[in-house]
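Here is how the chains run, residue by residue.
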Amino acid sequence: MSDYREIDTVTQLLGLITEPGEIENHVFQNIDFTDLADLACECTYKNCLFLGCELPDKFRQGLDKSNLIFPRLDAPYDIYRSYLYSANSLYEGFDPRDEETIKEAFDYKVYQHYLKTGLTSKNVRETLCRYLHDHSISSAIKDFLEPYHERQIVGIMGGHDLLRTDPVYRKIVYLSKRLTELGFIMVSGGGAGAMEATHLGAWMAERTEAEVEDALALLSASPGWQDKGWLSSAFHVRFRYPQTHFVSLGIPTWLYGHEPATPLATHIAKFFDNSIREDTILKITRGGLIYTPGSAGTIQEIFQAAVPNHYQTYGYATLMVFLGVDFWRKEMPVYELLEYLVKEGKYDGLRISVTDSIEKVVDTVKNFKPGKKAD
């Protein structure tokens, strides 16, 4: 069976049904067919999926058994969402001038529902809603990345507790800014610390150094994500320095919903299932992963990436670049272990390098070609 073609808007639907004929292997997502029912009924449908669509009885009765209808289910989130979140949609209801309004935000309400129904809910209806939502987000990521070459997608990993006032935070900002200006699409786990720095850098692409330093100064009043004003100050940066050209992708999870997702990512793919979220980051960052200082979560992510790189699960081993020589060789000697495992043949073909230099990282990412070992 051929791939399905997705139809997400009434405009796309209208373009499809203008001429009567057979429509095969299409996915109709969150579309109200009511106003176009007569025109839609002039076509025949085979092996089509209708996800959360409003289907008049006349239309529904004309569908044969090869078609599948997935009904709308009650949830405080859209389970058939056809596009990624943005800061505006995720934080709808939040007023940056009053941080107490976070309780009115869409993201907060979904997280409270998530806690109420259980992190590992036993309610089949709820878990089905979550899986369908995450499937929709995965599909939306695919659509978002489609215009780009896979090696344009580069991720930065690092600690969520990294303060905005830490020199490493500033270093990540300038690294991400430089890579974004070169045409790379920056990806992170979408949270605070090193993740936020990734998106601040992408957000400030082609801005002057003075403007970047001003943005950093604005954020420094609330250094950590638990500090009052952390979320509001990020919105203030957005307002002062609007971004209309460059994009970045944050991939947070409601599993860690107590930590706010950064609004500095232009596109946000928020998942319920953290394992899907982590696997997604590994799969899409074919241009490489850059590891900045972190703790348990970052170390886990390193070895999660090492395994598919060893087996070339996604076609080839991609870059694993470590920023911070002393940290990765001495303070948290993960690089020493990886180097040893590669030398002993326990990990085969890993493309690892470690440096303190932003320019060295940029050059490594720019010059990466599958099959050619990194320096």
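Shown above is the structure to which this text applies.
Read on for a plain summary of the structure.

Definitions and limits used
- Residues numbered from 1 in each chain as written.
- Predicted model: local features only at pLDDT ≥ 70, side-chain atom pairs only at ≥ 80, totals over all residues.
- Heavy atoms only, no water.
- Helix = DSSP H or I, 4+ residues; strand = E, 2+ residues; numbered from the N terminus.
- Rg over C-alpha atoms; globule rule 2.2 N^0.38 Å.
- Buried < 20%, exposed > 50% of the residue type's maximum accessible area, 1.4 Å probe, protein only.
- Contact = heavy atoms within 4.5 Å.
- Areas by Shrake-Rupley, 256 points an atom, 1.4 Å probe, with all protein chains shown as cover.
- Axes fitted to C-alpha atoms, helices over the stretch in contact; angles between N-to-C directions.
- Parallel < 35°, antiparallel > 145°, perpendicular 65-115°, else oblique.
- Left-handed = near helix turned anticlockwise from the far one by under 90°.
- Nonpolar A, V, L, I, M, F, W, Y, C, P; charged D, E, K, R; others polar.

Helix and strand counts for the protein chain stand at 15 helices and 13 strands. A compact globule built from 375 residues would reach a C-alpha radius of gyration of about 21 Å, and the protein chain, at 23 Å, matches this within 12%. Taken over the C-alpha atoms alone, the protein chain extends approximately 70 × 50 × 45 Å along its principal axes. A buried classification covers 52% of the 375 residues belonging to the protein chain. A separation threshold of at least 6 residues defines the contact pool for the protein chain, and within that pool the share at least 24 residues apart is 62%. Summed over all atoms, the accessible surface of the protein chain reaches about 17600 Å², with 51% contributed by carbon and sulfur.

Once that is clear, we can look at the side chain of E126. With respect to the element layout, E126 can be found in helix α6 (residues 124-145). Setting aside chain neighbours within four positions, we find E126 in contact with Y77, H113, T117 and S121.

Right, let's talk about the environment of K142 for a bit. Here K142 lies in helix α6. On a C-alpha basis, the gap between K142 and I284 in space is 9.0 Å, while along the polypeptide they are 142 residues apart.

Time to look at the packing of helix α9 (residues 209-220) against helix α10 (residues 230-240). α10 packs onto α9 with a crossing angle of 155° between their chain directions and a minimal axis gap of 8 Å. The angle between α9 and α10 places the two elements in the roughly antiparallel class. When you trace α9 past α10, the crossing you get is right-handed. In this structure, α9 uses D214, A215, L218 and L219 to contact α10, whose residues at the interface are S233, A234, V237 and R240. Of the residues contributing to the contact of α9 with α10, the split by class is 5 nonpolar, 1 polar and 2 charged.

None of this, on its own, says anything about what the molecule does.
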